[in-house]
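# Geometric and topological summary
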Amino acid sequence: MSTNHLLEIKQYGQSIWMDNLTRDIIQSGELKDLVENQGISGITSNPAIFEKAIAGNVIYDADIEAGVRAGLPTYKIYESLVFKDIRNACDILRPVYEASDRLDGYVSIEVPPTIAHDTEATITEARRYFQEIGRENLMIKIPGTEPGLPAVEQVIAEGMNVNITLLFSVESYINTALAYIRGLEKRVAEGKDISKIASVASFFLSRIDSNIDGKIDAKLKKGVDDISVEAKLRAVKGKVAIANAKIAYQEYKKIIRSERWQDLAAKGATVQRLLWASTSTKDPNYRDVMYIEELIGHDTVNTVPPATIKACADHCNVSDRLETDLDNAYTLIENLKDPDINIDLDNVMDELLVDGIDKFIQPFQSLMNSLEDKIKVLSPV
């Protein structure tokens, strides 16, 4: 039998979660096999994933019909489908949750992307999702927008597990970590247990390189007279996301060494792990598993789409690389300010956050439209 390289990653302190959830993989037993035999120890989902899973898939028709008969509005029918899948996935992962002492075994569901800029609505929906789904190993996914972070703080204080998503900049990660810490501190001040709360900070990768590579290609297409300038530009391509992630991990280490964190740890707090997201390689010229291989390290998670899971199982070169070439990582990010390169990383991160929310809103609305059409077809005349 060939070696499944995913199984080797765990020895370096990293968990592999899957960025995908459909009813098909639950009912077929595929998810159970991935969890029990293939090294998958968590699931992340988002509106785009559910749109692909539900739209045009007859496996959901019976439940849609039941919702129609019950007179449920479209949004409630959507929730009934998604909540059922999330509960079943949580149950499949429950043994991992227990065996890992609540480190792994989580299933993430995102609050509606349409409320990404509404603090109170996010808190309200997070409470409702957590209560109605009713599983301890559920993680509520909240975008790391400026209004999202106070929601994270409050939801953590109320004892829910949280996955903060759409983080691109190192600063956004630090702000997320501080929101987690404030939530725990608020809970401590209320005399409540903090030992059973888990959180991950979802730090995005390939979208950064796609954005910056596009800017570099545009500069090269215009033409560069100086060979040395062209070399500078080409040296940046496909390198920024990994360098950025390595720097974020160094900030994570500073945070967990701080007196403020150590005080919470003494009270039973669990570290908020960095989770590498957007890990499929978009450019065919790059190694298809580079966002896994280059970021293996202690106290991290990598959430991986199915095709990349298969690729990594087959040919990942597994080693602890997260803290290698750190000087080069810092230099690369600093070099973006070079007038010959002239890429404003802060602007890129802002663009990506706006675009990331839009990429969740569009499929969410598309799914609602698909469900409306299906409800019309399945409704009794």
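Heads up: these notes are all about the structure in this document. Here the structure is a predicted model, which is why all the values come from computation and not from measurement.

Reading the values: rules and limits
Residues numbered from 1 in each chain as written. Predicted model: local features only at pLDDT ≥ 70, side-chain atom pairs only at ≥ 80, totals over all residues. Heavy atoms only, no water. Pairing = 2+ DSSP bridges. Helix = DSSP H or I, 4+ residues; strand = E, 2+ residues; numbered from the N terminus. Axes fitted to C-alpha atoms, helices over the stretch in contact; angles between N-to-C directions. Contact = heavy atoms within 4.5 Å. Patch = residues over 30% accessible without salt bridge, like charges linked within 9 Å, V, L, I, M, F, W, Y side chains within 5 Å. Areas by Shrake-Rupley, 256 points an atom, 1.4 Å probe, with all protein chains shown as cover. Salt bridge = Lys/Arg side-chain N within 4 Å of Asp/Glu carboxyl O. Lys, Arg positive; Asp, Glu negative; His and termini not counted. Charge placed at Lys NZ, Arg CZ, Asp CG, Glu CD. Parallel < 35°, antiparallel > 145°, perpendicular 65-115°, else oblique. Left-handed = near helix turned anticlockwise from the far one by under 90°. Nonpolar A, V, L, I, M, F, W, Y, C, P; charged D, E, K, R; others polar. Phe/Tyr/Trp six-rings, centres within 6.5 Å; stacked < 30°, edge-to-face > 60°. Buried < 20%, exposed > 50% of the residue type's maximum accessible area, 1.4 Å probe, protein only. Core = buried A, V, L, I, M, F, W, Y, C linked by side-chain atoms within 4.5 Å.

The eight strands lie next to each other as β1-β2-β3-β4-β5-β6-β7-β8, forming a closed barrel whose pairing is parallel. Here the strands of the sheet are splayed against their neighbours by 30° on average, with no regard to which way each runs. Two strands pair when backbone bridges link them, and strand β4 (residues 138–143) and strand β5 (residues 162–167) are joined in this way by four bridges, in the parallel orientation. Among the inter-strand pairings, Ile140 is bridged to a residue of β5, identified as Val162. Packing of helix α6 (residues 74–99) onto the sheet brings it into contact with β2 (40–44), β3 (106–110) and β4, and relative to β3 it is tilted by some 155°.

Let us look at a negative patch on the surface. There is a patch of like negative charges on the surface, built from Glu171, Asp344, Asp346 and Asp350. By secondary structure assignment, the location of Asp346 is in helix α17 (residues 345–378).

Running from amino to carboxyl end, helix α3 (residues 30–37) crosses α6 at an angle of 15°, the nearest separation of the two axes being 10 Å. With respect to α6, the axis of α3 lies roughly parallel. The two elements α3 and α6 cross, and the hand of that crossing is right-handed. Residues Leu31, Lys32 and Val35 of α3 pack against Ala89, Ile92, Leu93 and Val96 of α6. For the contact of α3 with α6, the per-class residue count stands at six nonpolar, no polar and one charged.

With that out of the way, let us pick up the packing of aromatic side chains. Here the distance between the centres and the angle between the planes together describe a pair of aromatic rings. Under the definition given, this model contains 10 aromatic pairs. With 6.1 Å between their ring centres and 75° between their planes, Phe203 and Trp276 make a pair best called edge-to-face. Of this pair, Phe203 sits in strand β6 (residues 199–204) while Trp276 sits in strand β7 (residues 273–277), and the two are 73 residues apart along the sequence. Taking relative accessible area as the criterion, Phe203 reaches 0% and is therefore assigned buried. Accessibility expressed as a relative area gives 0% for Trp276, which makes it buried.

Turning to the nonpolar core, a few remarks are in order. Counting residues in hydrophobic clusters, the biggest one holds 129 residues, and the most contacted among them are Leu31 and Ile86. Setting aside residues up to four positions removed in sequence, Ile86 forms contacts with Leu21, Ser45, Phe50, Val107, Ser108, Ile109, Ile133 and Leu138.

This part covers the pairing of strand β1 (residues 14–19). Of all six residues in β1, six are buried, a share of seventy percent or more. Neither face of β1 is exposed, since Gln14, Ile16 and Met18 on one face and Ser15, Trp17 and Asp19 on the opposite face are all buried. The sheet contact formed by β1 and strand β8 (residues 300–304) spans five bridges and is parallel. The partner of Trp17 across the bridge, within β8, is Thr303. Both β1 and β2 contribute to a ladder of three bridges, which runs parallel. When the bridges of β2 are listed, Asp19 appears paired with Thr44.

Attention now moves to the pattern of salt bridges. One pass over the structure, following the stated rule, counts 30 salt bridges. Residue Glu36 pairs with Lys32 through a salt bridge whose shortest N-O separation is 2.7 Å. One end of the pair is Glu36 and the other is Lys32, both in helix α3 and four residues apart, which spans about a single turn. For Lys32, a relative accessible area of 44% puts it in the partly exposed group. In this structure, the salt-bridge partner of Lys254 is Glu251, at a minimum N-O distance of 3.0 Å. Here Lys254 pairs with Glu251, and both are found in helix α12 (residues 240–257), just three residues apart, close to one helical turn. What you see here is one network of salt bridges that share partners, running through Lys76, Glu79, Glu125, Arg128 and Glu132.

Moving on, we get to the packing of helix α10 (residues 206–222) against α17. Relative orientation of the contacting elements α10 and α17 amounts to 120°, with a least axis distance of 10 Å. Relative to α17, the element α10 lies oblique. The handedness of the crossing between α10 and α17 is right-handed. Note on element contacts: α17 touches α10 through Leu345, Val348, Met349, Glu351, Leu352, Gly356, Lys359 and Phe360, opposite Arg207, Ile208, Asn211, Ile212 and Lys215. Partitioning the contact of α10 with α17 into residue classes produces seven nonpolar, two polar and four charged.

In this section: unusual backbone geometry. The residue Asp101 is not glycine, and still its phi comes out positive at about 55°. Along the chain, Asp101 turns up in the loop between α6 and β3. With phi around 70°, Arg102 is a residue other than glycine that occupies positive phi space. Inspection of the secondary structure puts Arg102 in the loop between α6 and β3. What makes Arg102 partly exposed here is its relative accessible area of 25%.

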